[in-house]
Amino acid sequence: MNHPKKIVGYEWNMENLWEDIGNLDYDALTELFGILSKKFAKDSLHDEELNHPQVAVYLENIAKGLQEILEKDMQPLADLCREYNKKGIK
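Presented here is a report on the structure given in the accompanying data block.

Focus on the pattern of salt bridges
Side chains that carry opposite charge are capable of pairing whenever their charged atoms lie near each other.
For step 1, the next point in the chain: In this structure the tally under the stated criterion is four salt bridges.
For step 2, the next point in the chain: Between R82 and D27 there is a salt bridge whose closest N-O contact spans 2.6 Å. Separated by 55 residues along the polypeptide, R82 in helix α3 (residues 53-87) and D27 in helix α2 (residues 26-49) bring together distant segments of the chain.
For step 3, the next point in the chain: Judged by relative accessible area, R82 falls into the partly exposed class, the value being 30%.

Section: α2
For step 1, the next point in the chain: Here α2 spans 35 Å end to end across 24 residues, near enough to the 34 Å set by a 1.5 Å rise per residue.
For step 2, the next point in the chain: Of all the residues in α2, the buried ones are L29, T30, F33, G34, S37, D43, S44 and D47.
For step 3, the next point in the chain: Its side-chain oxygen at 2.7 Å from the backbone nitrogen of D27, D25 defines the N-terminal cap of α2.
For step 4, the next point in the chain: Just downstream of α2 lies N51, where phi reads positive at about 65 degrees.

Describing the environment of D79
For step 1, the next point in the chain: Note that D79 resides in helix α3.
For step 2, the next point in the chain: Owing to a relative accessible area of 32%, D79 belongs among the partly exposed residues under this scheme.
For step 3, the next point in the chain: The spatial distance from the C-alpha of D79 to the C-alpha of Y26 is 8.5 Å, given a sequence separation of 53 residues.
For step 4, the next point in the chain: For D79, the side chain forms a polar contact with the side chain of R82, separated by 3.0 Å.

What counts as what
- Residues numbered from 1 in each chain as written.
- Predicted model: local features only at pLDDT ≥ 70, side-chain atom pairs only at ≥ 80, totals over all residues.
- Heavy atoms only, no water.
- Salt bridge = Lys/Arg side-chain N within 4 Å of Asp/Glu carboxyl O.
- Helix = DSSP H or I, 4+ residues; strand = E, 2+ residues; numbered from the N terminus.
- Buried < 20%, exposed > 50% of the residue type's maximum accessible area, 1.4 Å probe, protein only.
- Expected span 1.5 Å × (residues − 1).
- Polar contact = N/O pair within 3.5 Å; in protein donor to acceptor, adjacent residues only side chain to side chain.

In structure tokens form, the structure reads like this:
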């Protein structure tokens, strides 16, 4: 797989993209972390099939790390902020 350095079709530079992603609602960021975790796990399996065991291990570690962050910090943060939003607390 060829991994691009930029997302095609995004008009801003990469720094702006990261800023835009970081500005997302915490529920959306939680969803993104879940998607990324699954993507890295999928890529790990693919690299294992390609006989790239070291790459597969790194990708699996990233997938597990993202899932851990998601469960430990992102989901509780999203839950907390969702309650703040319901109450209208700024």
